[in-house]
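# Structure assessment
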Amino acid sequence: MGTSNGNAKVKVGLVGLGNIGKTHMSYLSQMGNVEVVGVCDVVRESADAFAERYGTTPYYDHIDLLEHSGLDAVIVAVPHYSHVTVAMDAFARGIHVLCEKPLAVHVNDAKKMIAAYEEAKRNKPDLQFGIMFQERTYPFYRKLKDLLDHGDLGRLTRVTWINTTWFRTQAYYDSGSWRATWAGEGGGILTNQCPHNLDMYQWLFGLPARISGFAHIGKYHNIEVEDEVTAYFEHDNGMIGHFIVTTGESPGTNRLEIAGEYGKVVYEDSKIVFYRNRESMFKFSAESKQGFAHVENWYTEIPVDVKTPTGHHVVAERFIDAILGGSSELIAHGPEGLNGLILANGIMLSSFKKQMIDVPFDADEYEGILQELIKNSKFVKQTAENAVLNMSDSFNV
């Protein structure tokens with residue numbers, strides 16, 4: 001495409017018309033520089049209904065959409081295992097890709113996807129590959145990123161993230177035949193609800209060097225995957241991390257504590273508080289003659305501009321502008337999705353092995369365990385067609 005201008009339009013196709021597909025279609029239909037040239041779902045009734053409602057063409061196989069709709073870009077919103085297949089088929093045809101989270105179910109598949117993108121870029125250097133990490137647009141997380149990048153906390157010592165606001169009922173899990181199964185979804189809370197949190201952890205703090213994970217399978221729900229996880233991370237710089245999540249707790253907590261040399265930052269209840277040390281706690285500890293003394297600190301509520309646009313449409317707008325040759329930088333480049341997946345797979349591998357593991361770990365070993373779980377599954381999936389799911393409710397936790 002040429003340089004960005006007000007008249008150019010990107011021809012977009014949407015693959016996957018479930019709950020998240022509806023979210024994507026709602027904003028795509030309002031974007032002036034987008035023409036939706038096709039929608040695709042293996043459920044023909046869904047594709048037909050979407051196409052009729054939005055005045056576009058239905059497809060029932062993603063290859064047909066990629067080859068016959070004339071699209072420039074595709075948004076991938078299918079169940080997790082199929083992210084890799086659809087994206088790689090698009091890259092092979094020089095088509096831009098915006099993929100839903102997670103990038104893949106396991107590290108090996110993610111690396112295949114990234115390799116396919118790098119190969120396609122040799123023939124089309126301006127090929128765009130984005131991932132839908134819309135939480136990077138949220139003002140509080142962006143402010144935390146700014147504080148850390150600026151070095152306001154100095155050397156970090158501890159991160160503790162309790163995020164138990166992902167409460168899900170049994171009706172949610174029963175709403176789709178693929179949900180909460182090893183074969184259909186590839187995991188539970190780490191694969192479905194928490195890719196954003198895992199991405200945020202690595203975006204803010206980087207990857208740990210060692211992981212110790214404890215995952216409980218079907219503790220609160222009739223499912224065969226994890227619905228409660230506690231993880232412990234060790235970083236080479238000495239920082240430790242705690243990551244505590246579940247879909248079985250209501251009311252839940254979303255509290256992120258970041259402790260460092262110059263104080264502690266707490267993000268909770270739409271507020272960032274900085275307990276700022278007057279001096280380095282390491283220097284104070286080494287030099288103070290008082291055995292029980294504490295570093296003087298000041299309570300400071302950090303101002304955050306909450307009026308900036310956020311959400312899926314912002315990620316998509318940046319993606320479209322980049323395709324048109326504009327100056328926008330992608331919110332998250334597709335290959336960045338690998339790091340959060342390393343955390344998710346690493347936590348589960350540690351839990352399965354009941355031991356701390358080093359990062360990087362043996363991705364083949366994790367994939368092998370996953371395939372064995374699928375092969376030996378005796379789980380009988382219950383489904384219910386009357387579950388009420390409003391996806392917007394899940395974006396406000």
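Preceding block: the structure.
Residues numbered from 1 in each chain as written. Predicted model: local features only at pLDDT ≥ 70, side-chain atom pairs only at ≥ 80, totals over all residues. Heavy atoms only, no water.

### Describing the overall build of the chain
The helix and strand inventory of the chain stands at 12 helices and 15 strands. For a compact globule of 397 residues, the expected C-alpha radius of gyration is about 21 Å, and the chain comes in at 22 Å, within 12% of that figure. In terms of principal-axis extent, the alpha carbons of the chain reach across some 75 × 55 × 40 Å. Counting across all 397 residues of the chain, residues that qualify as buried make up 52%. For the chain, the exposed surface amounts to about 18000 Å²; the carbon and sulfur share of it is 48%. The average position of the 36 basic charges and that of the 50 acidic charges among the side chains of the chain differ by 4 Å. (Helix = DSSP H or I, 4+ residues; strand = E, 2+ residues; numbered from the N terminus. Rg over C-alpha atoms; globule rule 2.2 N^0.38 Å. Buried < 20%, exposed > 50% of the residue type's maximum accessible area, 1.4 Å probe, protein only. Areas by Shrake-Rupley, 256 points an atom, 1.4 Å probe, with all protein chains shown as cover. Lys, Arg positive; Asp, Glu negative; His and termini not counted. Charge placed at Lys NZ, Arg CZ, Asp CG, Glu CD.)

### So, the environment of C99
Topologically, C99 is positioned in strand β5 (residues 96–99). It is 5.8 Å that separates the C-alpha atoms of C99 and I75, two residues lying 24 residues apart in sequence.

### Some words on empty space enclosed by the protein
Enumeration over the complete set of coordinates arrives at two cavities of 30 Å³ or more. There is about 140 Å³ of room inside the largest cavity. Along the walls of the largest cavity sit 21 residues, with P102, L190, T191, L341 and A344 positioned nearest its centre. Taken together, the elements giving at least two residues each to the lining of the largest cavity come down to α8 (195–205) and α11 (337–353). Considering every element that reaches the lining of the largest cavity, the biggest residue donor is α11, with six residues. For the lining of the largest cavity, a count of residues per class yields 13 nonpolar, seven polar and one charged. Of the pockets and cavities examined, the second largest cavity occupies roughly 30 Å³. Lining the second largest cavity are L98, G130, I131, V315, F319, L330, I331 and A332. In the lining of the second largest cavity, the residues fall into seven nonpolar, one polar and no charged. (1 Å grid on protein atoms, 1.4 Å probe; cavity = no way out; pocket = protein on both sides within 12 Å on 5 of 7 lines; lining within 4 Å. Points joined across faces, edges and corners; volume = space filled by probe spheres on them. Nonpolar A, V, L, I, M, F, W, Y, C, P; charged D, E, K, R; others polar.)

### Describing the packing of α8 against α11
At their nearest, the axes of α8 and α11 sit 8 Å apart, and the two run at 115 degrees to each other. By the angle between their directions, the pair α8 and α11 is classed as roughly perpendicular. Judged by the sense of rotation from one axis to the other, the crossing of α8 with α11 is right-handed. Across the interface between the two elements, L198, D199, Y201 and Q202 of α8 pack against N339, G340, L343, A344 and I347 of α11. (Axes fitted to C-alpha atoms, helices over the stretch in contact; angles between N-to-C directions. Parallel < 35°, antiparallel > 145°, perpendicular 65-115°, else oblique. Left-handed = near helix turned anticlockwise from the far one by under 90°. Contact = heavy atoms within 4.5 Å.)

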